Amino acid sequence: MSDLFAPHEPEDMKAKRPLADRLRPRTLGEVSGQEHLTGPDGVLSRMIEAGSLGSMIFWGPPGTGKTTVARLLSGETGLAFEQISAIFSGVADLKKVFEAARARRMGGRQTLLFVDEIHRFNRAQQDSFLPVMEDGTIVLVGATTENPSFELNAALLSRARVLTFKPHDETSLEELLKRAEAVEEKPLPLDEEARASLLRMADGDGRAVLTLAEEVWRAARAGEVFGQDDLFRIVQRRAPVYDKSQDGHYNLISALHKAVRGSDPDASLYYLTRMLDAGEDPLFLCRRMVRMAVEDIGLADPQA
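Residues numbered from 1 in each chain as written. Predicted model: local features only at pLDDT ≥ 70, side-chain atom pairs only at ≥ 80, totals over all residues. Heavy atoms only, no water.

Chemist: How should the pattern of salt bridges be read in this particular structure?
Modeler: Once their charged atoms are close, side chains differing in charge can pair, the charge on each being opposite to the other. Taken as a whole and assessed by the stated rule, the structure comprises 15 salt bridges. Between Glu 82 and Arg 104 there is a salt bridge; the shortest N-O distance is 2.6 Å. Here Glu 82 is found in strand β2 (residues 80-85), whereas its partner Arg 104 is found in helix α6 (residues 91-106), with 22 residues between them in sequence. For the salt bridge of Arg 195 with Glu 174, the shortest nitrogen-to-oxygen distance reads 2.8 Å. With a gap of 21 residues between them, Arg 195 in helix α12 (residues 192-202) and Glu 174 in helix α11 (residues 170-184) connect regions that are remote in the sequence. (Salt bridge = Lys/Arg side-chain N within 4 Å of Asp/Glu carboxyl O. Helix = DSSP H or I, 4+ residues; strand = E, 2+ residues; numbered from the N terminus.)

Shown next, in the form of structure tokens:
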């Protein structure tokens, strides 16, 4: 039965919602790019079949479906869904959420609490989750883009399972584009080369590929098809996923070092250019290259 007092969204406003929001999966089976978690033999699928969810930390880059999967889990298991963001929430907000969860538990319903950017909470705030996790008041699902081993308390990690979300590969990004074309009821006005470039520009981010596609549709006139040069002209170039002091920084410098060690010039130039393009300090790269010269070249062949 519909609620007369619930907010009603007019049909014309639904069509104006961002494409990424309109294409949110409605079941775990519709989630793309995370088959190791949501596929028929995935970890989360097995949990649902067993009828029991434990607390979890979702670790992965932006646009891989962490928030969407948390919502779907609550629906699949019949748990009440609560969502907070560590950026905007404090101790008072946590107390309110815990009290509401306790009230639901007294009524026989458990709460799935989704905490976005959970690594932003300090140690004391992270510790506040422990009692309500232990007594079953909440099933905690935290999402983070940072390495949980570095950013989360050991006590919290010992009570939660870390599940890794992978960046989308080209196949899953292409699947998202096909879904978008079905929803929009028209093909993306790009030739084959431009379409491949769009997938690369998304850099493994599902939300980004849909946002870029939406920009292309907005720019195209009737019957117009864009080539690669047109795509670069109409779509603002997306900044590479990178940070100067955390996971992105260390992952790429490690990839560069291993590419040099493996004598792969193409990969070495790719990772070097990607870091420079993202604004890395050239002195940091120079220092690392000196270390490569000593450790991986000089010591590998001292007589060279």
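Chemist: I keep staring at α6 and nothing clicks. Help me out?
Modeler: With 16 residues, α6 should reach 22 Å at 1.5 Å per residue; the first-to-last C-alpha distance of 23 Å fits that figure. Regarding α6, the residues found buried are Leu 94, Val 97, Phe 98 and Ala 101. Projected down its long axis, α6 shows its buried positions confined to an angular sector of 100 degrees, all on one face. Away from the buried face of α6 by more than 90 degrees, exposed residues Lys 95, Lys 96, Ala 103 and Met 106 are located. Along its buried surface, α6 packs onto β2, β3 (111-116), α7 (123-127), α8 (129-134) and β4 (138-144). Gly 108 occupies a position one or two residues after α6 and carries a positive phi of about 90 degrees. (Expected span 1.5 Å × (residues − 1). Buried < 20%, exposed > 50% of the residue type's maximum accessible area, 1.4 Å probe, protein only. Arc of directions from axis to C-beta. Contact = heavy atoms within 4.5 Å.)

Chemist: Would you take a moment to explain a negative patch on the surface for this structure?
Modeler: A contiguous patch of negative charge, built from Asp 191, Glu 192, Glu 193 and Asp 229, is present on the exposed surface. Mapped onto the elements, Glu 193 comes out in helix α12. On the accessibility criterion, Glu 193 (49% relative accessible area) is partly exposed. (Patch = residues over 30% accessible without salt bridge, like charges linked within 9 Å, V, L, I, M, F, W, Y side chains within 5 Å. Areas by Shrake-Rupley, 256 points an atom, 1.4 Å probe, with all protein chains shown as cover. Lys, Arg positive; Asp, Glu negative; His and termini not counted. Charge placed at Lys NZ, Arg CZ, Asp CG, Glu CD.)

Chemist: What's the story with the packing of aromatic side chains in this structure? I'm lost.
Modeler: Given two aromatic rings, their pairing is described by the distance between the two centres and the angle made by the two planes. With the rule as written, the count across this model stands at five aromatic pairs. Their ring planes at 50 degrees and their centres at 4.8 Å tell us that Phe 58 and Phe 165 sit as a pair that is tilted. Of this pair, Phe 58 sits in strand β1 (residues 56-59) while Phe 165 sits in the loop between β5 (161-164) and α11, and the two are 107 residues apart along the sequence. The burial state of Phe 58 is the same as that of Phe 165; both residues are buried. An angle of 55 degrees between the planes, with centres 5.8 Å apart, marks the rings of Phe 121 and Phe 129 as tilted. (Phe/Tyr/Trp six-rings, centres within 6.5 Å; stacked < 30°, edge-to-face > 60°.)

Chemist: Where do I start with the environment of Ser 52 in this structure?
Modeler: Relative to the helices and strands, Ser 52 resides in the loop between α4 (43-50) and β1. Residue class for Ser 52 comes out partly exposed when judged on its relative accessible area of 47%. When the C-alpha atoms of Ser 52 and Thr 77 are compared, they prove to be 7.9 Å apart, with 25 residues separating the residues in sequence.

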